[in-house]
Amino acid sequence: MSRDISFWRKVGYIGVIVLLLFPLFWIGQPATRTATGSNPGGVLSQLRAQNNLSQAELGEIDPAGESIKLATLGLRGVAANLLWEKSFEYKKKEDWEGLSATLNQITKLQPNFITVWEHQSHNLAYNVSVEFDDYRMRYHWVKKGIDFLAEGIRKNRENPRLLHYTGWITGQKIGRADEHVQFRELFRQDTDFHDSLNSEVPVDKGHGWDGRPDNWLVGQLWYQRAERALDAGMVLKGKSPLIFHADNPMSLINYSTTIEEEGVLGQTAQQSWYEAGLGWTQYGRLQIPTSWGHNVRLGEYDQVNDDIDRMRERLEQFAPGVREQIRQEKIAQLEPELRTALDIPEEQLTEDNYRQHSEAVLQTRVTHREVAERVPDTNRASAIRLAERLNDQELMSSRISHYRSIVNYDYWAIRCEAEQTKTAVDAREFLYKAQQAHDAADLETARTLYEASWHQWRKIYDQYPRLMDDISAEDLANAIKRYQRLLQQLDEEVPADFPLVDLVRKSQERDDSLKELYQQLGDPLETDEEPQEMEPAAEKPAAEEPAAEEPAAEKPAAEEKEPSEQPQPDEAQPGTAGDMPDTPDAAAQAEPSQPAGQPEADEAQPAVAEPKAEPSASEATPATP
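Residues numbered from 1 in each chain as written. Predicted model: local features only at pLDDT ≥ 70, side-chain atom pairs only at ≥ 80, totals over all residues. Heavy atoms only, no water.

(A) Spatial organisation of the overall build of the protein. Across its full length, the protein holds 27 helices and four strands. Per-residue burial for the protein yields a buried fraction of 46% across its 625 residues. Working note: accessible area of the protein is about 32,600 Å², and carbon and sulfur atoms make up 50% of it. (Helix = DSSP H or I, 4+ residues; strand = E, 2+ residues; numbered from the N terminus. Buried < 20%, exposed > 50% of the residue type's maximum accessible area, 1.4 Å probe, protein only. Areas by Shrake-Rupley, 256 points an atom, 1.4 Å probe, with all protein chains shown as cover.)

(B) How the structure looks around a nonpolar patch on the surface. Taken together, the side chains of Val16, Ile17, Leu20, Leu21 and Leu24 define a hydrophobic patch exposed on the protein surface, amounting to about 490 Å² of accessible area. By secondary structure assignment, the location of Leu20 is in helix H1 (residues 2–28). Look at Leu20 and you get partly exposed, because its relative accessible area is 49%. (Patch = residues over 30% accessible without salt bridge, like charges linked within 9 Å, V, L, I, M, F, W, Y side chains within 5 Å. Salt bridge = Lys/Arg side-chain N within 4 Å of Asp/Glu carboxyl O.)

(C) Seen up close, the packing of aromatic side chains. Scanning all chains against the criterion turns up 17 aromatic pairs. Where Trp280 meets Tyr283, the ring centres are 5.0 Å apart and the plane angle is 55 degrees; that geometry is what we call tilted. Within this pair, Trp280 and its partner Tyr283 are both found in helix H14 (residues 266–285), separated by three residues, close to a single helical turn. Judged by relative accessible area, Trp280 falls into the buried class, the value being 2%. Measuring from ring centre to ring centre gives 5.4 Å for Trp280 and Tyr409, while their planes differ by 25 degrees; the resulting arrangement is stacked. Residue Trp280 is found in helix H14, and its partner Tyr409 is found in helix H21 (residues 409–419); the two are separated by 129 residues along the sequence. There is no split in this pair, since Trp280 and Tyr409 are both buried. Through pairs of rings, three or more aromatic residues link up here, namely Tyr450, Trp454, Tyr483 and Phe498. Sitting over the ring of Trp141, Lys144 keeps its end group 5.4 Å from the ring centre. (Phe/Tyr/Trp six-rings, centres within 6.5 Å; stacked < 30°, edge-to-face > 60°. Lys NZ or Arg CZ within 6 Å of the ring centre and 35° of its normal.)

(D) Looking closely at the nonpolar core. Core analysis: the largest hydrophobic core is formed by 79 residues, its most contacted members being Tyr283, Trp454, Trp457, Tyr461, Ile480, Phe498 and Leu500. Ranked by residue count, the leading element in this core is helix H23 (residues 443–463), at nine residues. Excluding anything up to four places from it in sequence, Tyr461 contacts Leu467, Met468, Ala473, Leu476, Leu500 and Leu503. Listed in part, the 44 residues of the second largest apolar core include Tyr126, Val128, Ile146 and Ile174. (Core = buried A, V, L, I, M, F, W, Y, C linked by side-chain atoms within 4.5 Å. Contact = heavy atoms within 4.5 Å.)

(E) Fine view of a negative patch on the surface. Residues Asp302, Asp306, Asp309 and Glu313 make up a contiguous surface patch of negative charge. Tracing the sequence through the fold places Asp302 in helix H15 (residues 301–318). (Lys, Arg positive; Asp, Glu negative; His and termini not counted. Charge placed at Lys NZ, Arg CZ, Asp CG, Glu CD.)

(F) Structural context of helix H12 (residues 215–231). Look at H12: 24 Å from first C-alpha to last across 17 residues, which is about the 24 Å you get at 1.5 Å a residue. Among the 17 residues in H12, 14 count as buried, and that is most of the element. Capping of H12 at its N-terminal end is provided by Asp214; its side-chain oxygen lies 2.9 Å from the backbone amide nitrogen of Trp216. At the C-terminal side of H12, Gly233 shows a positive phi close to 115 degrees. (Expected span 1.5 Å × (residues − 1). Polar contact = N/O pair within 3.5 Å; in protein donor to acceptor, adjacent residues only side chain to side chain.)

(G) Layout of the pattern of salt bridges. Scanning all chains against the criterion turns up 34 salt bridges. Here Asp190 ties to Lys143 by a salt bridge, and the two come within 2.9 Å at their closest N and O atoms. Placement of the pair is Asp190 in the loop between helix H10 (180–189) and helix H11 (191–197) and Lys143 in helix H8 (residues 135–155), with a sequence separation of 47 residues. The exposure class of Asp190 is buried, given its relative accessible area of 12%. Arg447 serves as the salt-bridge partner of Glu492, at 2.4 Å between the closest nitrogen and oxygen.

(H) Fine view of the packing of helix H7 (residues 114–128) against helix H9 (residues 160–176). The geometry of H7 relative to H9 is characterised by a closest axis approach of 10 Å and an angle of 10 degrees between their N-to-C directions. Between H7 and H9, the crossing angle belongs to the class labelled roughly parallel. Here H7 contributes Ile114, Trp117, Glu118, Ser121, His122, Ala125 and Tyr126 to the contact with H9, which in turn contributes Arg161, Leu162, Tyr165, Trp168, Ile169, Gln172 and Lys173. Classifying every residue of the contact of H7 with H9 by side-chain character gives eight nonpolar, three polar and three charged. (Axes fitted to C-alpha atoms, helices over the stretch in contact; angles between N-to-C directions. Parallel < 35°, antiparallel > 145°, perpendicular 65-115°, else oblique. Nonpolar A, V, L, I, M, F, W, Y, C, P; charged D, E, K, R; others polar.)

(I) Representation of the packing of helix H13 (residues 241–261) against helix H20 (residues 377–407) within the structure. Where H13 meets H20, the axes come as close as 11 Å, and the angle between the chain directions of the two elements is 50 degrees. Relative to H20, H13 is oriented oblique. Our pair here, H13 against H20, has a crossing hand that is right-handed. For the pair H13 and H20, contact is made by Leu242, Ile243 and Ala246 and by Tyr403, Ile406 and Val407, respectively. Class assignment for the residues of the contact of H13 with H20 results in six nonpolar, no polar and no charged. (Left-handed = near helix turned anticlockwise from the far one by under 90°.)

(J) Up close: unusual backbone geometry. One non-glycine residue, Asn408, adopts positive backbone phi at about 55 degrees. Among the secondary structure elements, Asn408 is positioned in the loop between H20 and H21. Phi is positive for Ala441, which is not a glycine, with a value near 65 degrees. Position of Ala441 relative to the elements: it lies in the loop between helix H22 (422–439) and H23.

In short, the description is geometric, and any link to function would need to be established separately.
Below, the structure written as structure tokens:
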């Protein structure tokens, strides 16, 4: 009897399994096409088509990858985890060929997992490349990282994150590495690599000042392609739109900074900064989605504040003197100790009374609504509506200000404007040639050029004081130390009327030698007279000049950081801000016929202190890298 029950139970189980196969077939039936028509397939197939989730919609179909997925018999996740562990083992053993093969297998199993492509391309370009001593081999592995991303883009058609990260590695890794001088030159000469990239981005549009592809400008082409993908409806996941869009104009800024460090000065650098300024202005006009559910334009900050001032003035006209009256009423209701703390100037606050002062300020704050409610009945409704709009505008202003601070918007706008001036061109050319003369042991010429440069930098900082807090000011501080050592070789001291004493004061806490120099100089001299400028002495012939020093790469203040979910391998990935990072289009970057803000074409002619026949800084041909 028990045998019969067991037998029929098994038959029942088999029957249930067979019955379940029919709904599974109905749900998972693939779509088919025949000469007579097409079948949309089952429910899952139709959902994939509606949401563009099929591999044909996501990117190229890899037959080998599909075969490997079937061969895992549903254990694709397990196989992928095992391969990840294997890749780390190959990396520890420095088996680079095994690592490459394993990464290739991972991408076959997980072609649409974006983090795989990001993480492993970073691993190749940053972590594996540094294991080699020869910079050419390092550059080879950086290229492998870029190629790996390019393959990921083909498997994930027009994914904005992958496109953006490809631009990041092309610009930042090649342009910021310790070997950036060699990397940039290898990239310029790598015609085979350019040909392979031409199928993805038009490399010919990324030529620099010398007519060869520049890594910063080619990186910008990737950023522009990423933005076009976003405009076409692709979804940006895991990356801040603020940073995503900022990297496009920052590429032009980084390019301008880099060519100046390489000795490409004069009108070439001036024009480059002009185009960077156009790009940054265009970025300020973009609508940036925020976490608050609305869009902001970074360039509208001044306009929003002007609207606030006009609305506030109109509200005060509805009820003149009411705001101060309400404030005095609130002050009268304060406790005596709070009233006393309120009268303490901010510069005299201590830890003991700061809390009480803050509490008193908060309790005596007068809102726009409170003012509007005191308006006479005839205008009260209008005043209340105006107060509500005023609150909204003030909230918008604070949010725009917050976003501007993340990418250091104000600083880069000022920097682009300042670098286009003839004063900045002269200052950089004088300084560059002074360092060349110093390296050539032509001390008198170097001193004359240094001093001419200091007077030009003084003009720049007087007009743009914000620039004194920039990292480039630290480079200038290093130049001041070289000038100090030069004078010591001449048995002289830095003159008491040194034009950049305030810069020395700002930098002294980070450098003992500058602290000694500041103690020697004291406070800047108070004078209404403009310091007399000296025309630099003639340079030595080019054949006698040694190669210029390679300055350290300047890092922008707002370079972006990689997204939080980005895996961080052994070597930390450089940050931006700034990944922060939006977008001049082609029309905005094209040079207009004669715009008002375009840099002047005339050569700078500094004032002459004594009759000499030497050329000015702008007349000499800038050294090529």
